[in-house]
Amino acid sequence: MSRAAQDAEFRFNRMMNSRMKIRVVQKQIQALPADAVIVNLFEGADMPTGAAGAVDAALGATDGIPGDGAISRLIRLGDFTGKHNEVAVLYTNGLIPSPRVILVGLGRKEHLTLDRVRQASGVAARKARDLGCRRVAGVVHGGGMSGLDARAAAQAVVEGALLATYQFREFKSDGAAQARNIDDFTLVEFNLSRIQAVSRGAREGELIAGGVNTARTLINRPPNHLNPAALAAWCEEMAARAHIGCTVYNEREIAENRMGGLLAVAQGSANAPRFVILDSKPDGRGQPLVFVGKGVTFDTGGISLKDPAGMENMKADMGGAAAVIGALQAIGELELPGRAIGLVPLVENMPGGQAFRPSDVITMMNGTTVEIISTDAEGRLILADALHYAKRYEPRGVVDLATLTGASVIALGEGVAASLFSNSEPWAELILRSARHCGERLWRMPLYNEYGEKLKSDVADIRNTAARNAGVGISAWFLKRFVETERNKEAYRWAHIDMASMMFNTDTKGYQPRGAMGYGVRTLVELARSQE
Ligand code: BES
Ligand code: MN
Ligand code: ZN
């Protein structure tokens, strides 16, 4: 391996922070050598069944008699009820090869969903990791008699384990702590007829969680280490690994394309902008899905400077870009047959002698003139040019993701849900269904004409901000203005996701550790899969 390739691989491993190996075996879980085995229990069950029943029998005083083992005793004592995400650790005293059993509650059987499986798997895996376990084996929760599809359940279990144990330690100088994570995660399936489905699902879960963890790491990286040029270069490396296409426009090429919004926001920063195009089928024809992500590597607000309190969170203002990049990575690695394109405008919003200012009038890529009222409403300016650029692909549908407004956070709550806007009922439905399927919270909002009225300008075609009220709807209307033209009422089916509320998670919960959430990757990948 060349020196450069070695360096790249080292950085990649460091970045992924966990090289957790995922395997699938056909075996009885109680026979498996491991540091911990994970089995489950439904709420309200008076006896462990399935794999938990087999482990229980092996842990009985009289070997093999059902209902007599350590798990049964725990239930009878009332110490474990099977409530969703409840965990208990049992020590096996040499009765099975694994010294520990981790028991996780799935909640009531009739309430079981894929996301509950993902969460329970995450909680159990984190418990194992925190106990220092290196080799962990677990069953496919819900893959047995519960009516969930075995492939989808296996995907959820692996996603849960990889997402819940994610750590960002790139800037911790303590190397030993860095290594502490699960090395091997083995999915154990006893039923031979399900092995193929479980193996497929496990692989899919691994690649999708990889996309989410990529997004989390890009968000967590500080902006002095991840400016537009650095993120664009990272995209090129990722694209080579995932076998997808990547084109990067530098500032000159952005200017040649007359992307006036991107140029205006960029002009206050010493770090030049980039425009990245990722393409899962670089020599493919046919109508692609196009994903657009807001990539503001840091948002100071510019001349309309933000309040310093909490400004450090604005390193996550490229969360939309991270979602698109993570999704394209996963789509490439999954080798999905359909074509998906990611458009990522990258810029840093800074004040300074060269910065654009309130009252400036700029000309966007589509010729629209915009009067700048607030330089802090920068996201819509860079997205507008990217949305216009998207028309050349004659897309089957477009989704943009952006940490666009504080108003979206106020409306729906931090870490609770993102807001969805769309010019097409069926397209909105499809996206909502994808989000629901993969457990990402998304709520539809209206695009009333009144929001557009507010954007009238005395000197230009439109202004970039208006009143405080309905700030989330007004920003969505601004974007819609660049999707639809006078002549071409609906250039394409479009949806906008304002994910400002989904940047960071303040408390570890389920498979979401405290820190960057990596929101949006799973919905985009699921949307792409649903098109096959
Ligand atoms: N990146 C911010 C939005 C944001 C705020 C995300 C808080 C996450 C948390 C965006 O660029 C912005 O500054 N929006 C302004 C718009 C306003 C000037 C119309 C906002 O929401 O205050
Ligand atoms: Mn801003
Ligand atoms: Zn911003």
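Preceding this section is the structure that the text describes.
Residues numbered from 1 in each chain as written. Chains lettered and ligands numbered in written order. Predicted model: local features only at pLDDT ≥ 70, side-chain atom pairs only at ≥ 80, totals over all residues. Heavy atoms only, no water.

## So, the overall build of the protein
Okay, so step 1: Of the regular secondary structure elements, the protein holds 17 helices and 20 strands.
Okay, so step 2: Relative to a compact globule of 532 residues, whose C-alpha radius of gyration would be 24 Å, the protein shows 25 Å and is just as compact.
Okay, so step 3: Expressed as lengths along the three principal axes of its C-alpha atoms, the size of the protein is roughly 85 × 50 × 50 Å.
Okay, so step 4: The buried share of the protein, taken over its 532 residues, is 59%.
Okay, so step 5: Here the contacts in the protein between residues at least 6 apart in sequence split such that 76% fall between residues at least 24 apart.
Okay, so step 6: Accessible surface computed for the protein: about 21,700 Å², of which carbon and sulfur atoms make up 48%. (Helix = DSSP H or I, 4+ residues; strand = E, 2+ residues; numbered from the N terminus. Rg over C-alpha atoms; globule rule 2.2 N^0.38 Å. Buried < 20%, exposed > 50% of the residue type's maximum accessible area, 1.4 Å probe, protein only. Contact = heavy atoms within 4.5 Å. Areas by Shrake-Rupley, 256 points an atom, 1.4 Å probe, with all protein chains shown as cover.)

## Let's talk about the coordination of the zinc ion (ligand 3)
Okay, so step 1: The zinc ion (ligand 3) binds to the protein through Lys 294 (NZ), Asp 299 (OD), Asp 317 (OD) and Glu 378 (OE), with metal-donor distances spanning 2.0 to 2.4 Å.
Okay, so step 2: In this structure, the zinc ion (ligand 3) is coordinated by six donor atoms arranged in octahedral fashion, with angles at the metal of 78 to 175°.
Okay, so step 3: In terms of primary sequence, the donors binding the zinc ion (ligand 3) are separated according to K-x4-D-x17-D-x60-E.
Okay, so step 4: Exposure remark for Asp 317: the relative accessible area of 1% places this residue in the buried category. (Donors = N, O, S within 2.8 Å, 3.2 Å for Na, K, Ca; no water. Tetrahedral: all angles 85-135°; square planar, octahedral: opposite > 155°, others 65-115°.)

## Overview of the sheet that holds strand 1 (residues 21-26)
The strands that make up a sheet pair up through hydrogen bonds in the backbone, lying either parallel or antiparallel.
Okay, so step 1: The strand order 1-6-5-2-4-3 describes an open sheet built from six strands, whose pairing is mixed. The sheet is open, and its two borders are formed by strand 1 and strand 3 (87-91), each paired with just one other strand. On average, each strand axis in the sheet is inclined to that of its neighbour by 25°, with strand direction left out of account.
Okay, so step 2: As paired strands, strand 2 (residues 36-41) and strand 5 (residues 135-139) are joined by three bridges and run parallel to one another. Within strand 5, the position partnered with Ile 38 by the bridge is Gly 138.
Okay, so step 3: Contacts between helix 2 (residues 50-58) and the sheet are confined to strand 2, strand 4 (100-105) and strand 5, with strand 2 contributing the most and set at about 120° to the helix.
Okay, so step 4: Of the strands in this sheet, strand 1, strand 5 and strand 6 (184-189) touch helix 5 (residues 150-164), which is tilted by about 160° from strand 6. (Pairing = 2+ DSSP bridges. Axes fitted to C-alpha atoms, helices over the stretch in contact; angles between N-to-C directions.)

## Concerning the site of ligand 1
Okay, so step 1: As a structural note, the neighbourhood of ligand 1 is formed by 16 residues, with Lys 306, Asp 317, Asp 376, Glu 378 and Gly 406 the closest of them.
Okay, so step 2: Contact distances for ligand 1 include 2.8 Å between an oxygen atom and a side-chain N or O atom of Lys 306.
Okay, so step 3: Between an oxygen atom of ligand 1 and a main-chain N or O atom of Gly 406, the distance comes to 2.7 Å.
Okay, so step 4: A total of 510 Å² of accessible area belongs to ligand 1 in isolation, and the protein chains cover 75% of it.
Okay, so step 5: Within the shell around ligand 1, the residues separate by chemical class into four nonpolar, five polar and seven charged. (Near = heavy atom within 4 Å. Polar contact = N/O pair within 3.5 Å; in protein donor to acceptor, adjacent residues only side chain to side chain. Nonpolar A, V, L, I, M, F, W, Y, C, P; charged D, E, K, R; others polar.)

## Quick look at the environment of Ile 219
Okay, so step 1: Its location among the elements puts Ile 219 in helix 7 (residues 195-220).
Okay, so step 2: Excluding residues that lie within four positions of it along the chain, Ile 219 makes contacts with Lys 315, Ala 316, Met 318, Gly 319, Ala 322, Phe 504, Ala 516 and Gly 518.

## Topic: the packing of aromatic side chains
Okay, so step 1: Following the criterion strictly, the structure yields seven aromatic pairs and no others.
Okay, so step 2: Judged by centre distance (6.1 Å) and plane angle (75°), the rings of Tyr 249 and Tyr 389 are edge-to-face. Highlighted residues: Tyr 249 in strand 7 (residues 245-249) and Tyr 389 in helix 12 (residues 379-389), separated in sequence by 140 residues. Just as Tyr 249 is buried, Tyr 389 falls in that class too. (Phe/Tyr/Trp six-rings, centres within 6.5 Å; stacked < 30°, edge-to-face > 60°.)

## Looking at the nonpolar core
Okay, so step 1: Counting residues in each nonpolar core, the largest one holds 100 residues, and the members touching the most others are Phe 291 and Ile 497.
Okay, so step 2: For this core, the domains that each give at least three residues are domain 1 (19-212) and domain 2 (221-530). (Core = buried A, V, L, I, M, F, W, Y, C linked by side-chain atoms within 4.5 Å. Domains from an automatic or database assignment.)

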